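# Notes for the structure review
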Amino acid sequence: RLVICKRNKTYVLAFQETPAEVNCPTRVSSDIGCVGPRTFAQIESGTAWLAERGVAMYDGRGVQHVEASMLINEIFTDPDNPRYVRKDVNGRVIDAVGVFYPKREQYLLLLPTVQTVRGCNLLLVWDIKANAITLHEFCQEFQSMGGGKDAEGNERGYVGDTNGFVWILDVGFTDGAGWPNATGT
């Protein structure tokens, strides 16, 4: 199946191997779409992405907002919120980037806020097993994120900032500030 999103609608295109044919796209949601084209990530229970009011997920049957994201949806809906997610004139969040982090079974979503100019300073972490969301705010703006293995074969998350530097997530013993060789980021 191929998930296809417009801004406020989601479709699924099904493929059959025998006989080889492609069916017409079927609408699976009339009110949930995608506003961040770089936020799609295949997670263990389906596909996740950024919708207009938070994180959405397709589980093979239908599309719904992630329940935990409903608790923080004011960052998507309230322009007076200092963490309000910055959108373009068409309501899209082009700078947002999402990835699945299998080491911790988390969906990581970088979001631009009204405090940023060209990057993202807010990291939304959806712990899929606990169905909990945590927000981390940075003083640095990031534009890219991906996963991979380091030289020792450890699963790592990597983010690129607007100054051209690459940062490694989830190393060390603390979040952010710490002492040399013992920081969380």
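Below is a short write-up of the structure. Source: prediction; values computed, not measured.

Either a parallel or an antiparallel arrangement is found when strands of a sheet pair, and the pairing is made through backbone hydrogen bonds. A sheet is described by the order of its strands in space; here 3 strands give the open sequence S1-S2-S5, paired in antiparallel fashion. Among the strands making up the open sheet, the edge pair consists of strand S1 (2-5) and strand S5 (26-29). When the angles between neighbouring strand axes are averaged without regard to direction, this sheet yields 35°. Both S1 and strand S2 (residues 10-13) contribute to a ladder of 4 bridges, which runs antiparallel. Pairing of Ile 4 across the sheet is with Tyr 11, part of S2.

With that settled, the discussion passes to the pairing of strand S8 (residues 54-58). Across the 5 residues that make up S8, a large majority, 5, are buried. Note: strand S7 (residues 46-51) against S8, 5 bridges, orientation antiparallel. The residue bridging Leu 50 from the neighbouring strand is Val 55, located in S8. Hairpin connection of S7 to S8: 2 residues between the antiparallel strands. Sheet analysis places S8 next to strand S9 (residues 63-65), joined by 3 bridges and oriented antiparallel. Among the inter-strand pairings, Met 57 is bridged to a residue of S9, identified as Gln 64. Linking two consecutive strands that pair antiparallel, namely S8 and S9, is a turn of 4 residues; a positive phi of about 100° is found at Gly 60 within it.

The residue Ala 132 is located in strand S13 (residues 132-149) in this model. Placed 63 residues apart in sequence, Ala 132 and Ser 69 show a C-alpha to C-alpha distance of 8.1 Å. When residues no more than four places from it in sequence are discounted, the contact partners of Ala 132 are Ala 68, Val 125, Trp 126 and Asp 127.

About the thresholds
- Residues numbered from 1 in each chain as written.
- Predicted model: local features only at pLDDT ≥ 70, side-chain atom pairs only at ≥ 80, totals over all residues.
- Heavy atoms only, no water.
- Pairing = 2+ DSSP bridges.
- Helix = DSSP H or I, 4+ residues; strand = E, 2+ residues; numbered from the N terminus.
- Axes fitted to C-alpha atoms, helices over the stretch in contact; angles between N-to-C directions.
- Buried < 20%, exposed > 50% of the residue type's maximum accessible area, 1.4 Å probe, protein only.
- Contact = heavy atoms within 4.5 Å.

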